[in-house]
Amino acid sequence: MTIEFDNNLPIYIQIMNYIKGEIVTGKLKPGDKIPSVRELASDLQINPNTVQRTFQELERETIVETRRGMGRYVTSEEGRIMTIKKEMAKDVLDRFIRGMRELGFQGEDIVAAVAESVGHEDAEKGDV
Amino acid sequence: MQKKGMYSVEDILQIQQVSKKYWSKQAVRDISFTLGPGKIIGLLGSNGSGKTTIMKMIAGLAQPTSGKIAVYGNPVGVETKSLISFMPDQPLTESWMTVGDALRFYSDFFADFDQAKAERMLDFMKLSLADKVRSLSKGMSERLQLTLALSRKASLYLLDEPLGGVDPVARTRILNALVEFYEEDSSILISTHLVSDIERIFDEVIMVKNGEMVMHGNVEELRLQHGKSMDELFREVFAEC
(Lines give C-alpha, C1' and ligand atoms only; values in the text may rest on other atoms or scores of the structure.)
Protein backbone atom coordinates (compact mmCIF):
# COMPACT_ATOMS: atom_id res chain seq x y z
CA MET A 1 0.00 0.00 0.00
CA THR A 2 1.41 3.41 -0.94
CA ILE A 3 -0.20 6.79 -0.41
CA GLU A 4 1.21 10.09 -1.59
CA PHE A 5 0.64 12.14 1.52
CA ASP A 6 0.05 15.86 1.61
CA ASN A 7 1.62 17.14 4.83
CA ASN A 8 -0.74 20.13 4.82
CA LEU A 9 -3.72 17.93 5.69
CA PRO A 10 -4.27 15.65 8.68
CA ILE A 11 -2.75 12.31 7.80
CA TYR A 12 -5.56 10.27 9.41
CA ILE A 13 -8.12 11.86 7.09
CA GLN A 14 -5.95 10.99 4.07
CA ILE A 15 -5.68 7.36 5.15
CA MET A 16 -9.45 7.24 5.81
CA ASN A 17 -10.15 8.51 2.31
CA TYR A 18 -7.67 6.06 0.86
CA ILE A 19 -9.31 3.09 2.62
CA LYS A 20 -12.79 4.28 1.65
CA GLY A 21 -11.55 4.52 -1.93
CA GLU A 22 -10.24 0.96 -1.79
CA ILE A 23 -13.63 -0.19 -0.50
CA VAL A 24 -15.86 1.56 -3.03
CA THR A 25 -13.67 0.49 -5.95
CA GLY A 26 -13.89 -3.09 -4.73
CA LYS A 27 -10.16 -3.54 -4.00
CA LEU A 28 -11.16 -4.16 -0.42
CA LYS A 29 -14.26 -6.34 -0.32
CA PRO A 30 -17.00 -6.51 2.33
CA GLY A 31 -15.77 -8.70 5.17
CA ASP A 32 -12.08 -8.41 4.16
CA LYS A 33 -9.58 -8.22 7.00
CA ILE A 34 -7.67 -4.95 7.17
CA PRO A 35 -4.05 -4.72 8.33
CA SER A 36 -3.16 -4.18 11.98
CA VAL A 37 -2.13 -0.77 13.30
CA ARG A 38 1.48 -1.86 13.48
CA GLU A 39 1.56 -3.31 9.96
CA LEU A 40 -0.01 -0.26 8.38
CA ALA A 41 2.19 2.14 10.37
CA SER A 42 5.40 0.51 9.21
CA ASP A 43 4.05 0.10 5.69
CA LEU A 44 3.22 3.77 5.40
CA GLN A 45 6.10 4.94 7.61
CA ILE A 46 3.88 6.94 9.88
CA ASN A 47 3.09 7.17 13.56
CA PRO A 48 1.08 4.19 14.90
CA ASN A 49 -1.18 6.58 16.86
CA THR A 50 -2.21 8.19 13.57
CA VAL A 51 -3.24 4.80 12.19
CA GLN A 52 -5.07 4.07 15.45
CA ARG A 53 -7.01 7.28 15.05
CA THR A 54 -7.86 6.40 11.42
CA PHE A 55 -9.31 3.07 12.52
CA GLN A 56 -11.26 4.65 15.38
CA GLU A 57 -12.87 7.11 12.97
CA LEU A 58 -13.65 4.34 10.46
CA GLU A 59 -15.26 2.33 13.27
CA ARG A 60 -17.26 5.33 14.37
CA GLU A 61 -18.53 5.66 10.80
CA THR A 62 -19.31 1.90 10.88
CA ILE A 63 -17.18 1.30 7.81
CA VAL A 64 -14.88 -1.00 9.71
CA GLU A 65 -15.78 -3.37 12.54
CA THR A 66 -13.64 -4.99 15.20
CA ARG A 67 -14.13 -8.65 15.99
CA ARG A 68 -12.76 -9.34 19.40
CA GLY A 69 -9.42 -11.06 19.30
CA MET A 70 -9.51 -11.36 15.53
CA GLY A 71 -8.79 -7.91 14.19
CA ARG A 72 -10.60 -5.42 12.03
CA TYR A 73 -12.77 -6.12 9.01
CA VAL A 74 -14.50 -4.13 6.29
CA THR A 75 -18.21 -3.94 7.04
CA SER A 76 -20.21 -6.70 5.34
CA GLU A 77 -23.22 -4.43 4.91
CA GLU A 78 -23.39 -3.67 1.21
CA GLY A 79 -25.82 -0.85 1.99
CA ARG A 80 -23.17 0.92 4.05
CA ILE A 81 -20.72 0.72 1.18
CA MET A 82 -23.28 2.26 -1.20
CA THR A 83 -23.69 5.13 1.27
CA ILE A 84 -19.95 5.73 1.34
CA LYS A 85 -19.90 5.76 -2.44
CA LYS A 86 -22.68 8.36 -2.48
CA GLU A 87 -20.94 10.45 0.16
CA MET A 88 -17.71 10.42 -1.81
CA ALA A 89 -19.59 11.30 -5.01
CA LYS A 90 -21.24 14.19 -3.19
CA ASP A 91 -17.85 15.52 -2.11
CA VAL A 92 -16.57 15.42 -5.68
CA LEU A 93 -19.75 17.11 -6.94
CA ASP A 94 -19.72 19.81 -4.29
CA ARG A 95 -16.15 20.70 -5.12
CA PHE A 96 -16.93 20.75 -8.84
CA ILE A 97 -20.03 22.89 -8.47
CA ARG A 98 -18.22 25.35 -6.23
CA GLY A 99 -15.49 25.64 -8.84
CA MET A 100 -17.98 26.21 -11.64
CA ARG A 101 -19.86 28.87 -9.60
CA GLU A 102 -16.56 30.65 -9.00
CA LEU A 103 -16.09 30.71 -12.76
CA GLY A 104 -19.49 32.38 -13.07
CA PHE A 105 -21.62 29.44 -14.25
CA GLN A 106 -25.18 29.16 -12.93
CA GLY A 107 -27.28 26.04 -12.27
CA GLU A 108 -28.59 25.42 -15.80
CA ASP A 109 -25.24 26.25 -17.44
CA ILE A 110 -23.45 23.80 -15.17
CA VAL A 111 -25.87 21.00 -16.03
CA ALA A 112 -25.52 21.80 -19.75
CA ALA A 113 -21.71 21.86 -19.51
CA VAL A 114 -21.70 18.49 -17.75
CA ALA A 115 -24.10 16.96 -20.25
CA GLU A 116 -21.96 18.20 -23.14
CA SER A 117 -18.73 16.86 -21.62
CA VAL A 118 -20.23 13.50 -20.85
CA GLY A 119 -21.66 13.41 -24.38
CA HIS A 120 -18.19 14.11 -25.86
CA GLU A 121 -16.63 11.39 -23.77
CA ASP A 122 -19.21 8.81 -24.85
CA ALA A 123 -18.82 9.84 -28.49
CA GLU A 124 -15.02 9.46 -28.25
CA LYS A 125 -15.41 6.03 -26.74
CA GLY A 126 -17.85 5.19 -29.57
CA ASP A 127 -15.21 6.14 -32.17
CA VAL A 128 -12.62 3.72 -30.81
CA MET B 1 -0.19 4.82 35.89
CA GLN B 2 2.27 2.67 37.79
CA LYS B 3 5.76 2.46 36.41
CA LYS B 4 8.74 0.61 37.82
CA GLY B 5 7.22 0.74 41.28
CA MET B 6 7.39 4.50 41.54
CA TYR B 7 4.90 7.32 41.77
CA SER B 8 1.60 6.95 40.07
CA VAL B 9 1.51 9.85 37.64
CA GLU B 10 0.00 10.07 34.23
CA ASP B 11 2.62 12.21 32.54
CA ILE B 12 6.01 10.80 31.65
CA LEU B 13 7.60 14.20 31.73
CA GLN B 14 6.67 17.40 33.52
CA ILE B 15 8.61 20.58 32.92
CA GLN B 16 7.62 23.59 35.02
CA GLN B 17 8.91 27.09 34.38
CA VAL B 18 12.40 25.95 33.58
CA SER B 19 15.12 28.47 32.78
CA LYS B 20 18.81 27.97 32.17
CA LYS B 21 21.56 30.54 32.12
CA TYR B 22 25.14 29.84 31.04
CA TRP B 23 26.99 32.74 32.67
CA SER B 24 25.28 35.73 31.12
CA LYS B 25 23.70 33.85 28.24
CA GLN B 26 20.05 32.91 28.69
CA ALA B 27 19.85 29.51 26.93
CA VAL B 28 16.31 28.59 28.00
CA ARG B 29 13.64 30.93 29.33
CA ASP B 30 10.59 29.90 31.35
CA ILE B 31 9.60 26.73 29.53
CA SER B 32 6.68 24.58 30.74
CA PHE B 33 5.16 21.50 29.13
CA THR B 34 4.12 17.94 29.92
CA LEU B 35 4.41 14.82 27.79
CA GLY B 36 2.20 11.75 28.04
CA PRO B 37 3.19 8.14 27.37
CA GLY B 38 3.07 6.48 23.96
CA LYS B 39 3.99 9.53 21.94
CA ILE B 40 6.65 10.61 19.47
CA ILE B 41 7.31 14.31 19.97
CA GLY B 42 9.35 16.62 17.78
CA LEU B 43 11.40 19.28 19.51
CA LEU B 44 11.88 21.76 16.71
CA GLY B 45 14.16 24.74 16.60
CA SER B 46 17.00 26.24 14.62
CA ASN B 47 20.60 25.86 15.75
CA GLY B 48 21.20 27.54 19.09
CA SER B 49 17.50 27.72 19.97
CA GLY B 50 17.96 25.74 23.19
CA LYS B 51 16.99 22.21 22.06
CA THR B 52 20.14 20.50 23.28
CA THR B 53 20.06 22.37 26.60
CA ILE B 54 16.48 21.17 27.17
CA MET B 55 17.48 17.59 26.34
CA LYS B 56 20.48 17.72 28.67
CA MET B 57 18.41 19.07 31.54
CA ILE B 58 15.85 16.27 31.12
CA ALA B 59 18.66 13.73 31.01
CA GLY B 60 20.14 15.21 34.19
CA LEU B 61 23.35 16.31 32.47
CA ALA B 62 22.69 20.01 33.04
CA GLN B 63 21.01 21.75 35.96
CA PRO B 64 18.19 24.23 35.39
CA THR B 65 18.91 27.66 36.88
CA SER B 66 15.29 27.69 38.01
CA GLY B 67 12.17 25.57 37.61
CA LYS B 68 11.38 21.89 38.02
CA ILE B 69 11.70 18.81 35.84
CA ALA B 70 10.14 15.49 36.86
CA VAL B 71 9.95 12.08 35.18
CA TYR B 72 6.94 10.07 36.37
CA GLY B 73 6.78 12.47 39.30
CA ASN B 74 10.43 11.95 40.28
CA PRO B 75 12.69 14.97 40.20
CA VAL B 76 15.48 14.43 37.66
CA GLY B 77 18.36 12.68 39.41
CA VAL B 78 19.82 9.25 40.07
CA GLU B 79 16.38 7.64 40.18
CA THR B 80 15.31 8.92 36.77
CA LYS B 81 18.49 7.78 34.99
CA SER B 82 17.03 4.32 34.47
CA LEU B 83 13.84 5.81 33.00
CA ILE B 84 15.62 7.84 30.35
CA SER B 85 17.75 6.82 27.40
CA PHE B 86 19.63 9.73 25.91
CA MET B 87 21.24 9.78 22.49
CA PRO B 88 23.56 12.80 22.47
CA ASP B 89 24.54 14.55 19.27
CA GLN B 90 28.15 13.52 19.95
CA PRO B 91 28.73 9.73 19.95
CA LEU B 92 29.55 8.04 23.27
CA THR B 93 31.50 5.27 21.59
CA GLU B 94 35.31 5.28 21.29
CA SER B 95 37.10 5.11 17.96
CA TRP B 96 39.00 1.87 18.78
CA MET B 97 35.73 -0.02 19.24
CA THR B 98 33.99 -2.36 16.87
CA VAL B 99 30.19 -2.31 16.72
CA GLY B 100 30.25 -5.44 18.89
CA ASP B 101 32.42 -3.66 21.49
CA ALA B 102 29.99 -0.75 21.51
CA LEU B 103 27.12 -3.13 22.27
CA ARG B 104 29.09 -4.79 25.10
CA PHE B 105 30.05 -1.35 26.44
CA TYR B 106 26.38 -0.37 26.58
CA SER B 107 25.23 -3.62 28.12
CA ASP B 108 27.92 -3.26 30.84
CA PHE B 109 26.75 0.25 31.58
CA PHE B 110 23.01 -0.21 31.42
CA ALA B 111 21.22 -3.08 33.15
CA ASP B 112 18.18 -2.51 30.94
CA PHE B 113 20.10 -3.01 27.68
CA ASP B 114 18.33 -5.56 25.47
CA GLN B 115 21.05 -7.39 23.52
CA ALA B 116 18.59 -9.33 21.35
CA LYS B 117 16.76 -6.17 20.31
CA ALA B 118 20.09 -4.45 19.59
CA GLU B 119 21.12 -7.28 17.28
CA ARG B 120 17.76 -7.21 15.47
CA MET B 121 18.11 -3.47 15.02
CA LEU B 122 21.69 -3.75 13.77
CA ASP B 123 20.51 -6.18 11.17
CA PHE B 124 17.75 -3.78 10.13
CA MET B 125 20.30 -0.95 9.99
CA LYS B 126 22.64 -3.09 7.84
CA LEU B 127 25.47 -2.88 10.37
CA SER B 128 27.53 -5.83 11.51
CA LEU B 129 29.20 -6.58 14.84
CA ALA B 130 32.66 -6.66 13.24
CA ASP B 131 32.43 -3.14 11.73
CA LYS B 132 34.95 -0.70 13.15
CA VAL B 133 33.32 2.34 14.71
CA ARG B 134 36.13 4.51 13.28
CA SER B 135 35.40 3.51 9.71
CA LEU B 136 31.64 4.12 9.85
CA SER B 137 30.24 6.90 7.68
CA LYS B 138 28.27 9.67 9.36
CA GLY B 139 24.98 8.01 8.43
CA MET B 140 26.11 4.58 9.69
CA SER B 141 27.40 6.11 12.89
CA GLU B 142 24.02 7.76 13.53
CA ARG B 143 22.36 4.39 12.91
CA LEU B 144 24.63 2.77 15.49
CA GLN B 145 23.96 5.50 18.08
CA LEU B 146 20.23 5.13 17.51
CA THR B 147 20.48 1.36 17.90
CA LEU B 148 22.31 1.77 21.19
CA ALA B 149 19.84 4.34 22.54
CA LEU B 150 16.68 2.48 21.52
CA SER B 151 17.91 -0.90 22.75
CA ARG B 152 17.60 0.20 26.35
CA LYS B 153 14.25 -0.45 27.99
CA ALA B 154 13.39 3.09 29.02
CA SER B 155 10.24 5.15 29.45
CA LEU B 156 11.55 8.19 27.67
CA TYR B 157 14.04 8.28 24.81
CA LEU B 158 15.79 11.54 24.06
CA LEU B 159 17.28 11.68 20.57
CA ASP B 160 19.31 14.80 19.89
CA GLU B 161 19.49 15.53 16.15
CA PRO B 162 19.41 11.91 14.95
CA LEU B 163 19.13 13.16 11.36
CA GLY B 164 21.90 15.75 11.42
CA GLY B 165 24.34 15.42 8.54
CA VAL B 166 22.78 12.19 7.32
CA ASP B 167 22.05 11.63 3.62
CA PRO B 168 18.43 11.05 2.50
CA VAL B 169 18.80 7.26 2.12
CA ALA B 170 20.19 6.81 5.63
CA ARG B 171 17.55 9.23 6.87
CA THR B 172 14.76 7.03 5.51
CA ARG B 173 16.34 4.01 7.18
CA ILE B 174 16.51 5.83 10.51
CA LEU B 175 12.86 6.89 10.25
CA ASN B 176 11.83 3.35 9.35
CA ALA B 177 13.74 2.03 12.35
CA LEU B 178 12.01 4.52 14.64
CA VAL B 179 8.56 3.38 13.53
CA GLU B 180 9.59 -0.27 13.56
CA PHE B 181 11.31 -0.47 16.94
CA TYR B 182 9.40 2.07 18.96
CA GLU B 183 7.77 0.58 22.08
CA GLU B 184 4.26 1.92 22.40
CA ASP B 185 4.24 2.48 26.15
CA SER B 186 7.31 4.71 26.00
CA SER B 187 7.73 8.15 24.49
CA ILE B 188 10.40 9.54 22.21
CA LEU B 189 11.47 13.18 22.17
CA ILE B 190 13.39 13.97 18.97
CA SER B 191 15.14 17.27 18.41
CA THR B 192 15.61 18.34 14.83
CA HIS B 193 15.62 21.27 12.46
CA LEU B 194 14.84 18.99 9.49
CA VAL B 195 11.08 18.90 9.73
CA SER B 196 9.63 17.82 6.40
CA ASP B 197 11.18 14.35 6.31
CA ILE B 198 10.15 13.39 9.77
CA GLU B 199 6.88 15.19 10.54
CA ARG B 200 4.73 12.17 9.68
CA ILE B 201 6.00 10.20 12.62
CA PHE B 202 5.26 12.91 15.19
CA ASP B 203 2.24 12.97 17.49
CA GLU B 204 3.14 16.37 18.85
CA VAL B 205 5.57 19.15 18.13
CA ILE B 206 7.19 21.67 20.43
CA MET B 207 8.84 24.65 18.80
CA VAL B 208 11.52 26.59 20.63
CA LYS B 209 12.96 29.86 19.45
CA ASN B 210 15.67 31.83 21.23
CA GLY B 211 15.21 29.64 24.29
CA GLU B 212 11.47 30.19 24.54
CA MET B 213 8.67 27.80 23.68
CA VAL B 214 6.53 29.31 20.92
CA MET B 215 4.25 26.38 20.09
CA HIS B 216 3.19 23.01 21.48
CA GLY B 217 0.41 20.99 19.95
CA ASN B 218 -0.89 17.82 18.39
CA VAL B 219 0.38 17.61 14.83
CA GLU B 220 -2.92 16.53 13.26
CA GLU B 221 -4.85 19.28 15.10
CA LEU B 222 -2.30 21.87 13.97
CA ARG B 223 -2.67 20.68 10.36
CA LEU B 224 -6.45 20.89 10.68
CA GLN B 225 -6.29 24.36 12.27
CA HIS B 226 -3.76 25.96 9.95
CA GLY B 227 -4.09 23.85 6.80
CA LYS B 228 -0.31 23.75 6.81
CA SER B 229 2.43 21.20 7.22
CA MET B 230 4.68 21.33 10.28
CA ASP B 231 7.52 22.25 7.94
CA GLU B 232 5.59 25.32 6.76
CA LEU B 233 4.61 26.33 10.30
CA PHE B 234 8.21 25.89 11.37
CA ARG B 235 9.43 28.12 8.56
CA GLU B 236 6.84 30.75 9.44
CA VAL B 237 7.83 30.77 13.10
CA PHE B 238 11.51 31.12 12.27
CA ALA B 239 11.15 33.55 9.39
CA GLU B 240 10.50 36.29 11.94
CA CYS B 241 14.00 35.95 13.38
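Residues numbered from 1 in each chain as written. Chains lettered and ligands numbered in written order. Predicted model: local features only at pLDDT ≥ 70, side-chain atom pairs only at ≥ 80, totals over all residues. Heavy atoms only, no water.

The name that an unreviewed UniProt entry assigns to chain A is GntR family transcriptional regulator, with the source organism given as Paenibacillus agri.

What follows deals with the overall build of chain A. Along chain A, the regular secondary structure elements total five helices and three strands. At 19 Å, chain A has a C-alpha radius of gyration far larger than the 14 Å of a compact globule built from 128 residues. Each of the three principal axes of chain A carries a C-alpha extent, and together these read 55 × 30 × 30 Å. Expressed as a percentage of the 128 residues in chain A, the buried residues total 33%. Across chain A, every contact between residues at least 6 apart in sequence was considered, and the portion connecting residues at least 24 apart equals 52%. About 8100 Å² of surface is accessible on chain A, with carbon and sulfur atoms providing 54% of the total. (Helix = DSSP H or I, 4+ residues; strand = E, 2+ residues; numbered from the N terminus. Rg over C-alpha atoms; globule rule 2.2 N^0.38 Å. Buried < 20%, exposed > 50% of the residue type's maximum accessible area, 1.4 Å probe, protein only. Contact = heavy atoms within 4.5 Å. Areas by Shrake-Rupley, 256 points an atom, 1.4 Å probe, with all protein chains shown as cover.)

A few words on the sheet that holds strand β2 (residues 25-35) of chain B. All names here are of chain B. Strand order across the open sheet formed by four strands is β2-β1-β4-β5, with antiparallel pairing between neighbours. Where the open sheet ends on each side, the last strands, each with one partner, are β2 and β5 (74-75). Sheet analysis places strand β4 (residues 66-71) next to β5, joined by two bridges and oriented antiparallel. For V71, the partnering residue across the bridge sits in β5 and is N74. Relative to strand β1 (residues 13-22), helix α1 (residues 51-59) is tilted by about 120 degrees, and along the sheet it contacts β1, β2 and β4. (Pairing = 2+ DSSP bridges. Axes fitted to C-alpha atoms, helices over the stretch in contact; angles between N-to-C directions.)

Here the focus is the UniProt feature "domain: HTH gntR-type" (unreviewed entry) in chain A. Taking the UniProt record as the reference, the feature "domain: HTH gntR-type" (unreviewed entry) is found at residues 9-77 of chain A. A helix fraction of 51% and a strand fraction of 14% characterise residues 9-77 of chain A, whose end C-alpha atoms lie 30 Å from each other. (UniProt positions renumbered as here; feature names shortened; annotations may be inferred.)

The interface is formed by 18 residues belonging to chain A together with 24 residues belonging to chain B. Summing both partners gives a buried area of about 1700 Å² for chain A against chain B, and 42% of it is carried by carbon and sulfur. Counting across the chain A and chain B interface gives two salt bridges. The partner of E184(B) in a salt bridge is R38(A), and the shortest N-O contact between them spans 2.5 Å. For the pair chain A and chain B, the interface holds 16 residue pairs in polar contact (both at pLDDT 80 or more). Among the elements that line the side of chain A that touches chain B, the one with the most residues is helix α3 (residues 48-60) of chain A, at four residues. Of the residues contributing to the side of chain A that touches chain B, the split by class is nine nonpolar, seven polar and two charged. (Buried area = accessible area lost by both parts, 1.4 Å probe. Salt bridge = Lys/Arg side-chain N within 4 Å of Asp/Glu carboxyl O. Polar contact = N/O pair within 3.5 Å; in protein donor to acceptor, adjacent residues only side chain to side chain. Nonpolar A, V, L, I, M, F, W, Y, C, P; charged D, E, K, R; others polar.)

With that out of the way, let us pick up empty space enclosed by the protein. Residues and elements named next belong to chain B. Counting across every chain of the model gives one cavity of 30 Å³ or more. Its boundaries defined by the atoms lining it, the largest cavity holds a volume of some 30 Å³. As for the largest cavity, its lining consists of K117, L150, Y157, F181, Y182, E183, S186 and I188. A per-class count over the lining of the largest cavity returns five nonpolar, one polar and two charged. (1 Å grid on protein atoms, 1.4 Å probe; cavity = no way out; pocket = protein on both sides within 12 Å on 5 of 7 lines; lining within 4 Å. Points joined across faces, edges and corners; volume = space filled by probe spheres on them.)

With that settled, the discussion passes to the domain arrangement of chain A. It is common to give the size of an interface as the accessible area that goes away when the parts come together. All names here are of chain A. Parsing chain A into structural domains produces domain 1 (11-76) and domain 2 (79-127). Here domain 1 and domain 2 have C-alpha centroids that lie 29 Å from each other. On the side of domain 2, five residues touch domain 1, which itself brings 10 residues to the contact. Across the domain 1/domain 2 interface, buried area totals approximately 690 Å², and carbon plus sulfur atoms make up 75% of it. (Domains from an automatic or database assignment.)

Turning our attention to the nonpolar core. Of all hydrophobic cores here, the largest spans 74 residues; its most connected members are I15(A), L144(B), L178(B), I188(B), I190(B), I201(B) and F202(B). The contacts of I188(B), once residues within four sequence positions are left out, are K39(B), I40(B), I41(B), L150(B), Y157(B), L159(B), L178(B) and Y182(B). L35(B), M57(B), A59(B) and F86(B) belong to the second largest nonpolar core, which has 28 residues in total. (Core = buried A, V, L, I, M, F, W, Y, C linked by side-chain atoms within 4.5 Å.)

What follows deals with the packing of aromatic side chains. Residues and elements named next belong to chain B. The final tally for this structure, using the stated rule, is seven aromatic pairs over all chains. A ring pair is formed by F124 and F181, whose centres lie 5.4 Å apart and whose planes are at 80 degrees; its orientation type is edge-to-face. Taken together, the positions of F124 in helix α4 (residues 115-124) and F181 in helix α6 (residues 168-181) put the pair 57 residues apart, joining distant regions of the chain. Judged by its relative accessible area of 24%, F124 falls in the partly exposed class. Ring centres of F234 and F238 lie 4.6 Å apart, and the angle between their planes is 50 degrees; on these two criteria the pair is classed as tilted. Here the residue F234 and the residue F238 both occupy positions in helix α8 (residues 230-239), the gap between them amounting to four residues, near one helical turn. Overall, the relative accessible area of 13% leaves F238 in the buried class. Here a set of aromatic residues connected by ring pairs shows up, and it is made of F105, Y106, F109, F110 and F113. (Phe/Tyr/Trp six-rings, centres within 6.5 Å; stacked < 30°, edge-to-face > 60°.)

Inspection of the secondary structure puts L83(B) in the loop between α2 (78-81) and β6 (84-87). Residues L83(B) and S19(B), spaced 64 residues apart in sequence, show a C-alpha to C-alpha distance of 23 Å.

Below, the discussion takes up the sheet that holds strand β3 (residues 71-74) of chain A. All names here are of chain A. Read from one edge to the other, the open sheet built from three strands follows the order β1-β3-β2, with strand pairing classed as antiparallel. Edge positions in the sheet fall to β1 (33-34) and β2 (64-67), since each of these pairs with one other strand and no more. One ladder, built from four bridges, connects β2 with β3; its direction is antiparallel. Residue E65 lies in a different strand from β3, and its bridge partner there is Y73.

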